[in-house]
Amino acid sequence: IAEGAGAEFERLYALAFVALGYLDSGDPDRGFATMDAYYEEARAKGHWHVAQNVTWNDIWTRVHMLRGGLEERLERFSGMPSVPLIALTVASARSYVNKARGELDAAREDAELGIGLNERLGYHKMVWRCQVHLAEVLVELGHTEEARRVLPATSARTELQDIVYDAEAQIRTRLAAGEVADAVELAREALSQGQS
């Protein structure tokens, strides 16, 4: 439809999500290659919203699939305009990469920065995601009680994908607190949602 209407931004934005479909269907090489192609096209045409979104999805997916290439993806942000949307995405992405590197203090700083930037702009969903990630970092730092205070309740989920976003933090926080039965129940919930 976007192609027929000559809507380049919308076409690229939609195709960037096709890449996630390839990843979810078990074809990660095609998914990552597709993300790279649409990032390059969006960058070349100055569609920075698409370029930052593809880069964020690429980094998030690579971190969770234990894939390399994180430094190169982070570097993509340096060529983007200095606007609030990109600044908050950079903070969040850097936090994930720092956690993957084992640089937990830096990951914490960036997660807290991401929370602040998203709160100022009223991006409640991204505040939620940053809080979830900060809780993961705090658990890794051994600050279980602080992680419990930061971690949003499971009732704060608003979409099915939220179970994927917060499962690790929810489960790890409960395990760190010695709440094994609760952790197992959350794992079962995530598994059942993934099979439906």
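Residues numbered from 1 in each chain as written. Predicted model: local features only at pLDDT ≥ 70, side-chain atom pairs only at ≥ 80, totals over all residues. Heavy atoms only, no water.

Colleague: Explanation requested: the layout of surface pockets in the structure shown.
Modeller: Once rolled over the atoms, a probe with the size of a water molecule shows which space is left empty. Looking at the largest pocket, its volume works out to about 690 Å³. If you trace the largest pocket, you find 23 residues lining it, with Leu20, Asn57, Trp60, Gln161 and Tyr165 closest to the centre. Listing elements by their share of the lining of the largest pocket, those giving two or more residues are α2 (8–24), α4 (48–64), α6 (84–101), α8 (124–140) and α10 (161–176). (1 Å grid on protein atoms, 1.4 Å probe; cavity = no way out; pocket = protein on both sides within 12 Å on 5 of 7 lines; lining within 4 Å. Points joined across faces, edges and corners; volume = space filled by probe spheres on them. Helix = DSSP H or I, 4+ residues; strand = E, 2+ residues; numbered from the N terminus.)

Colleague: Help me out: how do you make sense of the environment of leucine 15 in this one?
Modeller: By the secondary structure assignment, leucine 15 is in helix α2. Measuring from C-alpha to C-alpha, the distance between leucine 15 and methionine 35 comes to 8.7 Å, with 20 residues separating the pair along the chain. Apart from the residues lying within four places of it in its own chain, the contact partners of leucine 15 are Thr34 and Tyr38. (Contact = heavy atoms within 4.5 Å.)

Colleague: For this particular structure, what's the right way to read a nonpolar patch on the surface?
Modeller: On the surface, a nonpolar cluster with roughly 220 Å² of combined accessible area is contributed by Leu175, Val180 and Val184. In this fold, leucine 175 is placed in helix α10. (Patch = residues over 30% accessible without salt bridge, like charges linked within 9 Å, V, L, I, M, F, W, Y side chains within 5 Å. Areas by Shrake-Rupley, 256 points an atom, 1.4 Å probe, with all protein chains shown as cover. Salt bridge = Lys/Arg side-chain N within 4 Å of Asp/Glu carboxyl O.)

Colleague: Whenever I open this one, the packing of α6 against helix α7 (residues 104–121) confuses me. Can you help?
Modeller: Think of two packed helices as two axes; the pair is described by the angle between the axes and how far apart they sit. Put simply, α6 and α7 touch, their axes get as near as 8 Å, and they point 155° apart. When the axis of α6 is compared with that of α7, the two are roughly antiparallel. In this structure, α6 crosses over α7, and the sense of that crossing is left-handed. Across from Pro84, Ala87, Leu88, Ala91, Ser92, Arg94, Ser95, Asn98 and Lys99 in α6, the residues of α7 making contact are Leu104, Ala106, Ala107, Asp110, Ala111, Leu113, Gly114, Leu117, Asn118 and Leu121. Split into classes, the residues belonging to the contact of α6 with α7 amount to 11 nonpolar, 5 polar and 3 charged. (Axes fitted to C-alpha atoms, helices over the stretch in contact; angles between N-to-C directions. Parallel < 35°, antiparallel > 145°, perpendicular 65-115°, else oblique. Left-handed = near helix turned anticlockwise from the far one by under 90°. Nonpolar A, V, L, I, M, F, W, Y, C, P; charged D, E, K, R; others polar.)

Colleague: Can you walk me through α6 in this structure?
Modeller: Helical geometry note: an α-helix holds 3.6 residues per turn, so side chains three or four residues apart project in the same direction. Its 18 residues place the ends of α6 26 Å apart at the C-alpha level, agreeing with the 26 Å of an ideal helix rising 1.5 Å per residue. A positive phi of about 90° marks glycine 102, the residue just after α6. (Expected span 1.5 Å × (residues − 1).)

Colleague: Just checking my understanding: could you explain the pattern of salt bridges for this structure?
Modeller: Opposite charge on two side chains permits pairing when their charged atoms draw close. Applying the stated criterion to the full structure yields 27 salt bridges. In this structure, lysine 125 and glutamate 159 form a salt bridge, with 3.2 Å as the shortest nitrogen-oxygen distance. Of this pair, lysine 125 sits in helix α8 while glutamate 159 is found in the loop between α9 (144–150) and α10, placing the two residues 34 residues apart along the sequence. Owing to a relative accessible area of 23%, lysine 125 belongs among the partly exposed residues under this scheme. (Buried < 20%, exposed > 50% of the residue type's maximum accessible area, 1.4 Å probe, protein only.)

Colleague: How should empty space enclosed by the protein be read in this particular structure?
Modeller: Scanning all chains against the criterion turns up 1 cavity of 30 Å³ or more. Roughly 30 Å³ of internal volume is contained in the largest cavity. Around the largest cavity, the lining residues are Arg157, Ile163, Ala167, Gln170, Ile171, Leu186, Glu189 and Ala190. Among the secondary structure elements, those contributing two or more residues to the lining of the largest cavity are α10 and α11 (180–195). Broken down by element, the lining of the largest cavity gets its largest block of residues, 4 residues, from α10. Considering only residue class, the lining of the largest cavity consists of 5 nonpolar, 1 polar and 2 charged.

Colleague: Would you mind going over the environment of leucine 141 with me for this structure?
Modeller: Mapping leucine 141 onto the fold places it in the loop between α8 and α9. When the C-alpha positions of leucine 141 and arginine 108 are compared, they lie 9.3 Å apart, and in sequence the two are 33 residues distant. If sequence neighbours within four positions are ignored, leucine 141 has contacts with Leu104, Asp105 and Arg108.

Colleague: What's the story with the nonpolar core in this structure? I'm lost.
Modeller: Across soluble globular proteins, you tend to see nonpolar side chains buried next to one another. With 40 residues, the main nonpolar core has Met35, Ile59 and Phe77 as its most contacted residues. Those elements that provide at least two residues to this core are α2, α3 (28–44), α4, α5 (70–76), α6, α7, α8 and α10. Here this core takes 8 residues from α8, the largest share from any one element. Beyond its immediate sequence surroundings of up to four residues, phenylalanine 77 is in contact with Gln52, Thr55, Trp56, Ile59, Ile86, Thr89, Val90 and Ala93. (Core = buried A, V, L, I, M, F, W, Y, C linked by side-chain atoms within 4.5 Å.)

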